[in-house]
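What follows is each chain in one-letter form.
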Amino acid sequence: MSAPSAGTGSPPIPFEPIFRWMAAIVFVLLLTFAAWQRFSLPLTPVLDPDSPGYLNPALSQLSGHGLQQTQGRSFLYPVLVLGVLNATGDLKSIVVMQHIASLLTAIAWMGIWVVWSSFLPPGWIRSFFAPFTGVLSVGIYLTGAESILFGLQVRPEAVFPLAAILQILFLMLFIKGQWPGNGEVNFSLALAGGVGAVVFSAAACNLKPSWGFAILLTPLVLGLGILFRPAGQSIVRAALPLISGCLLTLVLVAGVPAALHWKRDEASKSFLAMNLFAVHANIILDYLQGEVDAGRATPEEAGFCDRLRSGILESRNQLGRYVLLGHNPDYLMYFSQTLVQIPRVSTSEERRGFYFRTLFSSMARFPGRYVAKWLTQLRAAAFQDPKYLSRASANLKKLHSASIPFSSAQYPDLRPDLARSLSRINSETSALVSGLPEIVATGPKWLKKAGAAGAVLYPASLLAGLILLLAAPFFFRDHLRPVLAASLVSAAAFLSAMTVAFVHSFDIDRYLSLQSWLAWLTIACWIAVVFSIVECRLRRRFQTAGAAGRKTVNDLA
């Protein structure tokens, strides 16, 4: 007789409902503590140099001048800000909205964990270990300083994790409905999961384009749902979640900006191309110099090459945080005139064409250097600084002292309540800078140790996950669904990191901070999978040994 598979004939777990209730109570207590953390801090928003790109469209609309795109930023976050300001007339409500989004992110996170852990075979790991592992991982996200600091700033980093984690949650629901294991197919659940995944993929990418490649997970999973559809399901029915999601997303992406009369600005036409050029300027310079040396460049182009070299050297004197890149792209974009003094270029379209043409030509000339840059960035994402995984305190004085004043004089027709709010924010910021202590504790002291552990566990989890993904179809078929579902989390982390590696740099703190919650979710998933596999193998061995012992006794009798 063959050994029973894990999950069949498993004895019931004593006190299983109590375990689940205990985990739920701990989560509610964490959520309550996290809410107290956030709302006990000042609700005065911090306005950094990027904030006008997100705040100006709303203030322009509420001044009667229309919803004007600013600095080439995407429309979703400015529309959210507009809705909040229109309803409340107070800039502090932006911080309130963002803190609520952070708490909702934690709830969606636990939703992922409930759905994902249901894929594990029955046993002690699924009943006891997995719930508390999930609560621990979300607790680190909730109580760490990173999500709290993002909530204080007028920028999309505060609400982006909610959209991204909802994409993953709805993909989990699609998997649960489309491939239910031994149960019946739940088409309604699969349809809702597929549509939700497509919509929130688009929302996450609109909020943070650095999510980029991670949206590919949605068509990949929904496409697999078509190829490996359950027996008896037609291809049209299997494709309905993907088709419906795409149609709804198209309506939202095209319809919402049109309904709100979103006005695109000139910067949107060349912002991405200019950013890519600035980030890779050192490689592009060598390509342009090669063209000059080969006699294929005009004197004007040779002059631009010299100016670019000078600009890069100046940016290295203002290197700041850009250690991985070796030059400062922000200096080139915002403080140097180098990138706008291009020969025979006068319009935004021509400038964009020049940026992309030289970028792709340099890629063709120096592919090895681009690959080296990408690998360096991916290494920074995998081997994270522990402080981003579990920062337990914040320098709020420094944060508010960097806040730029935002005058209502720029909007003479602004609603009076918002004009008063802007003036009040400026005065409150000055008071906070003088009154706040240097360091404000936002989380428990053990968070620092958790960050050190996470910095070791994260790359180990990514490696273990890759090995298990390759091995599960052959050796761990009883864990195939949880392994595939956990791979979604790892893939989201990898693909979003690859987007940053391709288009920018992990020298930017917020990119690593936004990777940290994915890191903890990845760690939690793979630890639970490994322990569940060990439990199932041990149970199978004991069952086999027990069956052999009973056979021996029967033979002797």
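Just so we're clear, the structure is a prediction, and the values are computed from it rather than from any experiment. (Residues numbered from 1 in each chain as written. Predicted model: local features only at pLDDT ≥ 70, side-chain atom pairs only at ≥ 80, totals over all residues. Heavy atoms only, no water.)

Chemist: Would you mind going over the overall build of the protein with me for this structure?
Modeler: From N to C terminus, the protein includes 22 helices and two strands. Taken over C-alpha atoms, the radius of gyration comes to 27 Å for the protein, in line with the 24 Å a tight globule of 557 residues would show. Taken along the three principal axes of its C-alpha coordinates, the protein extends 100 × 60 × 50 Å. For the protein, the proportion of its 557 residues judged to be buried stands at 52%. In the protein, 80% of the contacts between residues at least 6 apart in sequence involve partners at least 24 apart. When the accessible surface of the protein is summed, it comes to about 24800 Å², and 68% of that surface belongs to carbon and sulfur atoms. Each charge sign in the protein was given a centre, from 45 positive and 29 negative side chains, and these centres are 9 Å apart. (Helix = DSSP H or I, 4+ residues; strand = E, 2+ residues; numbered from the N terminus. Rg over C-alpha atoms; globule rule 2.2 N^0.38 Å. Buried < 20%, exposed > 50% of the residue type's maximum accessible area, 1.4 Å probe, protein only. Contact = heavy atoms within 4.5 Å. Areas by Shrake-Rupley, 256 points an atom, 1.4 Å probe, with all protein chains shown as cover. Lys, Arg positive; Asp, Glu negative; His and termini not counted. Charge placed at Lys NZ, Arg CZ, Asp CG, Glu CD.)

Chemist: It is not clear to me how the packing of aromatic side chains should be interpreted in this structure. Could you clarify?
Modeler: Pairs of aromatic rings are described using the distance from one ring centre to the other and the angle between the two planes. Here the structure, examined in full by the defined rule, presents 26 aromatic pairs. Members of the aromatic cluster, each reached through a chain of ring pairs, are Trp109, Tyr141, Phe160, Trp211 and Trp517. In this arrangement the basic side chain of Arg369 is found over the ring face of Phe366, its NZ or CZ atom lying 5.5 Å from the centre. Directly above the aromatic system of Tyr511 lies the positively charged group of Arg510, at a separation of 5.7 Å from the ring centroid. (Phe/Tyr/Trp six-rings, centres within 6.5 Å; stacked < 30°, edge-to-face > 60°. Lys NZ or Arg CZ within 6 Å of the ring centre and 35° of its normal.)

Chemist: Help me out: how do you make sense of helix H7 (residues 160–178) in this one?
Modeler: Residues lying three or four places apart along an α-helix face the same way, a consequence of the helix completing one turn every 3.6 residues. Compared with the 27 Å implied by 1.5 Å per residue over 19 residues, the 27 Å span of H7 between its first and last C-alpha is a close match. Counting buried positions along H7 yields 18 of 19 residues, so the element is predominantly enclosed. (Expected span 1.5 Å × (residues − 1).)

Chemist: Help me understand a nonpolar patch on the surface, please; the structure alone is not making it clear to me.
Modeler: Taken together, the side chains of Val530, Phe531, Val534, Leu538 and Phe542 present a nonpolar region at the surface, about 470 Å² in accessible area. Tracing the backbone through its elements, the reader meets Phe531 in helix H22 (residues 509–556). Owing to a relative accessible area of 44%, Phe531 belongs among the partly exposed residues under this scheme. (Patch = residues over 30% accessible without salt bridge, like charges linked within 9 Å, V, L, I, M, F, W, Y side chains within 5 Å. Salt bridge = Lys/Arg side-chain N within 4 Å of Asp/Glu carboxyl O.)

Chemist: I keep staring at the packing of helix H1 (residues 16–39) against helix H4 (residues 92–117) and nothing clicks. Help me out?
Modeler: Helix packing for two helices is described by the angle between their axes and how far apart those axes are. Close contact between H1 and H4 brings their axes to 10 Å; oriented N to C, the two are set at 165°. As far as their axial angle goes, H4 and H1 are roughly antiparallel. When you trace H1 past H4, the crossing you get is right-handed. Here Phe27, Leu31, Ala34, Ala35, Arg38 and Phe39 of H1 come into contact with H4, specifically with Val96, His99, Ile100, Ser102, Leu103, Ala106, Ile107 and Met110. (Axes fitted to C-alpha atoms, helices over the stretch in contact; angles between N-to-C directions. Parallel < 35°, antiparallel > 145°, perpendicular 65-115°, else oblique. Left-handed = near helix turned anticlockwise from the far one by under 90°.)

Chemist: Explain the pattern of salt bridges here, please?
Modeler: When their charged atoms lie close together, side chains carrying opposite charge are able to pair. A full pass over the atoms with the stated rule returns 18 salt bridges. The partner of Arg296 in a salt bridge is Glu291, with the nearest N and O atoms 3.0 Å apart. The class of Glu291 is buried, set by a relative accessible area of 13%. With a closest N to O distance of 3.0 Å, Arg415 and Asp417 form a salt bridge. In this structure Arg415 comes out as partly exposed when scored by relative accessible area, which is 24%. Residue Asp417 is classed as partly exposed on the basis of its relative accessible area of 26%. Shared partners join several salt bridges into a network, and the residues in it are Asp48, Asp50, Arg73, Arg155, Glu157, Lys208 and Arg510.

Chemist: So what exactly am I meant to see when it comes to the nonpolar core here?
Modeler: Within soluble globular proteins, side chains that are nonpolar tend to cluster in buried spots. Leu55, Leu85 and Trp116 are the most contacted members of the largest nonpolar core, which totals 108 residues. No other element matches H7, which puts 14 residues into this core. The residues touching Leu55, leaving out its near neighbours within four places in the chain, are Leu47, Val81, Leu85, Leu91, Ile94, Val154 and Phe406. Within the second largest apolar cluster, 40 residues are counted, among which are Ala273, Ala278, Leu359 and Leu512. (Core = buried A, V, L, I, M, F, W, Y, C linked by side-chain atoms within 4.5 Å.)

Chemist: What should I look at first to understand the environment of Trp179 in this one?
Modeler: With respect to the helices and strands, Trp179 occurs in the loop between H7 and helix H8 (187–207). In this structure Trp179 touches Phe174, Val221, Leu224, Gly225, Phe228 and Arg481, once residues within four positions along its chain are discounted. A polar contact of 2.8 Å, which involves the side chain of Trp179, links it to the backbone oxygen of Phe228. (Polar contact = N/O pair within 3.5 Å; in protein donor to acceptor, adjacent residues only side chain to side chain.)

Chemist: How should the side chain of Thr143 be read in this particular structure?
Modeler: Position of Thr143 relative to the elements: it lies in helix H5 (residues 124–143). Using a relative accessible area of 3% as the deciding quantity, one classes Thr143 as buried. A polar atom in the side chain of Thr143 sits 2.7 Å from the backbone oxygen of Gly139. Dropping the residues within four chain positions of it, Thr143 is found in contact with Leu30, Phe33, Gln37, Ile148, Thr442, Gly443, Pro444 and Leu447.

Chemist: Got a minute to help me understand the packing of helix H12 (residues 281–293) against helix H13 (residues 299–317) in this structure?
Modeler: Two elements in contact, H12 and H13, have axes whose closest approach is 10 Å; the angle formed by their N-to-C orientations is 150°. One finds that H12 runs roughly antiparallel with respect to H13. Every pair of crossing elements has a handedness; the one defined by H12 and H13 is left-handed. Of H13, the residues touching H12 (which contributes Ala281, Asn282, Leu285, Leu288, Gln289 and Val292) are Ala302, Phe304, Cys305, Leu308, Arg309, Ile312 and Arg316.

Chemist: Looking at this structure, I do not really get H4. What am I missing?
Modeler: Spanning 26 residues, H4 covers 38 Å between terminal C-alpha atoms, matching the ideal 38 Å at 1.5 Å per step. With 19 of its 26 residues buried, H4 lies for the most part within the structure.

Chemist: I'm lost on unusual backbone geometry in this one. Help?
Modeler: With glycine set apart, most residues show a phi of negative sign, and most peptide bonds adopt trans. Of note, the phi angle at Gln71 is positive, near 60°, even though the residue is not glycine. Tracing the chain through its elements places Gln71 in the loop between helix H2 (51–61) and helix H3 (76–88).

Chemist: Where do I start with the side chain of Asn328 in this structure?
Modeler: Along the chain, Asn328 falls in the loop between H13 and helix H14 (329–335). Within the structure, the side chain of Asn328 is placed 3.0 Å from the backbone nitrogen of Asp330, a separation counted as a polar contact. Polar side-chain contacts of Asn328 include one of 3.1 Å to the backbone nitrogen of Tyr331. The residues touching Asn328, leaving out its near neighbours within four places in the chain, are Ser315, Gln318, Leu319 and Tyr322.

Chemist: Looking at this model, I keep getting lost on the environment of Val185. Mind explaining?
Modeler: Along the chain, Val185 turns up in the loop between H7 and H8. When the C-alpha atoms of Val185 and Gln233 are compared, they prove to be 9.5 Å apart, with 48 residues separating the residues in sequence. In this structure, Val185 is in contact with Gly177, Gln178, Pro180, Pro230 and Gln233, ignoring residues within four places of it in sequence.

Chemist: Help me understand the confidence of the model for the protein, please; the structure alone is not making it clear to me.
Modeler: For residues with low pLDDT, the predicted coordinates do not support detailed interpretation. This prediction gives the protein a mean pLDDT of 88; 95% of its residues lie at or above 70. In the model, residues 1–9 has pLDDT below 50 throughout and makes twelve contacts with residues more than four positions away in sequence or in other chains. (pLDDT = per-residue confidence, 0-100.)

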